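Examining the three-dimensional arrangement
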Amino acid sequence: QVQLQESGPGLVKPSETLSLTCTVSGASISSYYWSWIRQSPGKGLEWVGFISPSGSTNYNPSLNSRVTMSVDTSKNHLSLRVTSVTAADTAVYYCARDSGRNNGMDVWGQGTTVTVSS
Amino acid sequence: QTVVTQEPSLTVSPGGTVTLTCASNTGAVTSDHFPDWLQQKPGQAPRTLIYNTNNKHSWTPARFSGSLFGGRAALTVSGVQFEDEAEYYCLLYSSSAHRIFGGGTKLTVL
């Protein structure tokens, strides 16, 4: 059974960098695509980007210049960094296994809440 | 920039049938957009019910079905149950492999 668990600081100050980790169990991180998705309070879902098994990335153009995704195969986890955060980055952040046309986003973490505030 | 539009809210009676739709401002939604449908209940992570237009996961109740109709993606729920009350999101894939969510449809069962 594949499980995902997001973690990170719940509070980040404006202009600083948000760093999150998604720990994957039950599957090899180097075998799948992985997406990050976020949801602002009371709002809809927003795709942040994905990272491929080879480590190539594809980001939402609205966030492209501030986002970096990476994987650590030794720890079987993926990471998300968002720089220069503002209150608009306050959201629940989810990681998901992204199988695209073959299976969609078929496994999701429970999400982690990040608040941007001084 | 692609914008994906869904009905903001729909109401259906238990046992009834309802169809949610998903449109794109760039033109007709086709199978090349590989539309997915996700369900999210309050306080929970989303889960994908339908992927690539009309494919179901093992956890997808049989009463949910996906299709393309009139240039839109559609999610039909036949024989609605109280437990189907939730937010439903459409997800499209762009030609550059970006994922684009619709704004969501709040489905109320009463």
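Numbers given for residues are sequential positions, taken from 1 along each chain in its written order. Each chain takes a letter, starting from A, and each ligand takes a number, starting from 1, following the order in which they are written. Side-chain atom pairs in this predicted model are given and counted only at pLDDT of 80 or more, local residue features only at pLDDT of at least 70, and totals for whole chains, interfaces and linings cover all residues. The basis for every side-chain value is the complete set of heavy atoms in the structure, and neither hydrogens nor water enter the calculation.

Our focus in this paragraph is the packing of aromatic side chains. Stacked, tilted and edge-to-face are the three classes applied to pairs of Phe, Tyr and Trp rings, where Trp contributes its six-membered ring and a pair requires centres within 6.5 Å; stacked means planes under 30 degrees apart, edge-to-face means over 60, and tilted covers the rest. Applying the stated rule across the entire model yields six aromatic pairs over all chains. Measuring from centroid to centroid gives 5.7 Å for Tyr94 of chain A and Trp108 of chain A, while their planes differ by 75°, and the two rings are edge-to-face. With Tyr94 of chain A in strand E9 (residues 91-98) and Trp108 of chain A in strand E10 (residues 105-108), this pair connects stretches of sequence that are 14 residues apart. Judged by relative accessible area, Tyr94 of chain A falls into the buried class, the value being 4%. Relative accessibility thresholds used throughout: buried, under 20% of the residue-type maximum; exposed, over 50%; partly exposed, between the two (1.4 Å probe, protein chains only). The class for Trp108 of chain A is buried, based on a relative accessible area of 11%. Where Phe64 of chain B meets Tyr88 of chain B, the ring centres are 6.1 Å apart and the plane angle is 35°; that geometry is what we call tilted. Only DSSP runs of H or I covering at least 4 residues are called helices, and only runs of E covering at least 2 are called strands; the numbering of each starts at the N terminus.

Our focus in this paragraph is the state of the cysteines. The definition used for a disulfide is geometric: two cysteine sulfur atoms within 2.5 Å. The tally for this structure, following the rule as stated, stands at two disulfides over all chains. Disulfide pairing is shown between Cys22 of chain A and Cys95 of chain A; the S-S distance is 2.0 Å. Between Cys22 of chain A and Cys95 of chain A the disulfide shows an S-S torsion of about 65°. By sign, it is right-handed. Taken together, the residues Cys22 of chain A in strand E3 (residues 18-25) and Cys95 of chain A in strand E9 connect sequence positions 73 residues apart. Owing to a relative accessible area of 0%, Cys22 of chain A belongs among the buried residues under this scheme. Its relative accessible area of 0% is what places Cys95 of chain A among the buried residues. Across the disulfide, Cys22 of chain B is cross-linked to Cys90 of chain B (sulfur-sulfur distance 1.9 Å).

Now for the sheet that holds strand E3 (residues 17-24) of chain B. All names here are of chain B. Strands pair, by our definition, only if DSSP identifies at least two bridges between them. One open sheet accounts for four strands, arranged E1-E3-E8-E7; its pairing is antiparallel. Looking along the sheet, the strands with just one partner apiece sit at the ends: strand E1 (4-6) and strand E7 (64-69). Strand after strand, the sheet turns through a mean of 20° between neighbouring axes, direction not considered. Here E1 pairs with E3 via three bridges, running antiparallel. Helix axes use the C-alpha atoms of the stretch in contact, all axes being lines fitted to C-alpha atoms, and the angles between their N-to-C directions lie in the range 0 to 180 degrees.

Of note, Gln40 of chain B is situated in strand E4 (residues 36-40). Polar contacts here mean pairs of N or O atoms no more than 3.5 Å apart (in protein, one a potential hydrogen donor and the other a potential acceptor; neighbouring residues in sequence count only if both atoms are side-chain atoms). Here the side chain of Gln40 of chain B touches Tyr94 of chain A through a polar contact of 3.4 Å, side chain to side chain. For Gln40 of chain B, the side chain forms a polar contact with the main-chain oxygen of Gln44 of chain B, separated by 3.0 Å. Residues count as neighbours in contact if any of their non-hydrogen atoms are within 4.5 Å of one another. With residues up to four places along the chain from it excluded, the contact list for Gln40 of chain B reads Gln39, Leu45 and Tyr94 of chain A together with Ala45, Pro46, Ala86, Glu87 and Tyr89 of chain B.

Moving on, we get to the layout of surface pockets. To locate leftover empty space, one rolls a probe as large as a water molecule over the atoms. A 1.4 Å probe that fits but cannot get out identifies a cavity on a 1 Å grid over protein atoms alone, an open set with protein on both sides within 12 Å along at least five of seven lines counts as a pocket, and a residue lines either if it has an atom within 4 Å of a point. Grid points are joined across faces, edges and corners, and a volume is the space filled by probe spheres set on the points. Estimates place the volume of the largest pocket at around 530 Å³. Lining the largest pocket are 26 residues; nearest its centre among them are Asn60 of chain A together with Gln1, Thr2, Arg99 and Ile100 of chain B. Only strand E4 (33-39) and strand E5 (45-51) of chain A together with strand E9 (86-93) and strand E10 (99-101) of chain B provide two or more residues apiece to the lining of the largest pocket. Taken together, the residues of the lining of the largest pocket sort by class into seven nonpolar, 15 polar and four charged. Volume-wise, the second largest pocket comes out at about 390 Å³. As for the second largest pocket, its lining consists of 25 residues, of which Gln39 of chain A together with Gln40, Lys41, Pro42 and Gly43 of chain B are closest to the centre. Of all elements in the fold, only E9 of chain A together with E9 of chain B reach the threshold of two or more residues within the lining of the second largest pocket. When residues are grouped by polarity, Ala, Val, Leu, Ile, Met, Phe, Trp, Tyr, Cys and Pro land in nonpolar, Asp, Glu, Lys and Arg in charged, and all others, Gly among them, in polar.

Now for the interface of chain A and chain B. Contacts between the two partners involve 24 residues from chain A and, on the opposite side, 20 residues from chain B. Salt bridge, as used here, is a side-chain nitrogen of Lys or Arg placed within 4 Å of a carboxyl oxygen of Asp or Glu. The interface formed by chain A and chain B includes one salt bridge. Asp98 of chain A serves as the salt-bridge partner of Arg99 of chain B, at 2.7 Å between the closest nitrogen and oxygen. Inspection of the chain A/chain B interface yields eleven residue pairs in polar contact (both at pLDDT 80 or more). At the level of elements, E4, E5, strand E6 (57-59), E9 and E10 of chain A are the ones that each hand at least two residues to the side of chain A that touches chain B. Split by residue class, the side of chain A that touches chain B holds nine nonpolar, ten polar and five charged.

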